[in-house]
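# Overview (structure and organization)
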Amino acid sequence: MNQMNQDIHFSAKHSQYVSSIHDNAEKFDPRAEEAFKYVQRA
């Protein structure tokens, strides 16, 4: 029940672990992201 009382946004923003995941994530062209949004909805 303790997890229910934590601000996950604060924890994620200040976590070295989460930062490293985001820093190492594969980045895509924003135009490609927009094009594939349509396909994902279908």
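Conventions used here
Residues numbered from 1 in each chain as written. Predicted model: local features only at pLDDT ≥ 70, side-chain atom pairs only at ≥ 80, totals over all residues. Heavy atoms only, no water. Salt bridge = Lys/Arg side-chain N within 4 Å of Asp/Glu carboxyl O. Buried < 20%, exposed > 50% of the residue type's maximum accessible area, 1.4 Å probe, protein only. Helix = DSSP H or I, 4+ residues; strand = E, 2+ residues; numbered from the N terminus. Patch = residues over 30% accessible without salt bridge, like charges linked within 9 Å, V, L, I, M, F, W, Y side chains within 5 Å. Areas by Shrake-Rupley, 256 points an atom, 1.4 Å probe, with all protein chains shown as cover. Polar contact = N/O pair within 3.5 Å; in protein donor to acceptor, adjacent residues only side chain to side chain. pLDDT = per-residue confidence, 0-100.

## With respect to the pattern of salt bridges
On inspection of all chains with the given rule, the structure shows 2 salt bridges. Arg-31 is the salt-bridge partner of Asp-29, the closest N and O atoms lying 2.9 Å from each other. We classify Arg-31 as exposed; its relative accessible area is 65%. Glu-34 is paired through a salt bridge with Lys-37; the nearest N and O atoms lie 3.0 Å apart. On the criterion of helical spacing, the pair formed by Glu-34 and Lys-37 is a turn pair, its members being 3 residues apart in helix α3 (residues 30–41). Judged by its relative accessible area of 48%, Glu-34 falls in the partly exposed class.

## Some details on a nonpolar patch on the surface
A cluster of nonpolar side chains, namely Phe-36, Tyr-38 and Val-39, defines an oily patch on the protein surface of about 390 Å² accessible area. Here Phe-36 is to be found in helix α3. A relative accessible area of 52% places Phe-36 in the exposed class.

## Quick look at helix α2 (residues 16–23)
Because an α-helix completes one turn every 3.6 residues, residues spaced three or four positions apart along the sequence face the same direction. The element α2 is largely exposed, with a buried count of 0 among its 8 residues. Between a side-chain oxygen at the N-terminus of α2 and the backbone nitrogen of Tyr-17 the separation is 3.3 Å; the capping residue is Ser-15.

## A short note on the confidence of the model for the protein chain
Regions with low pLDDT should not have their predicted coordinates read in detail. In this model, the protein chain carries a mean pLDDT of 85, and residues with pLDDT of at least 70 account for 93%. Ranking the elements of the protein chain by mean pLDDT puts helix α1 (residues 8–13) last with 83 and α2 first with 90.

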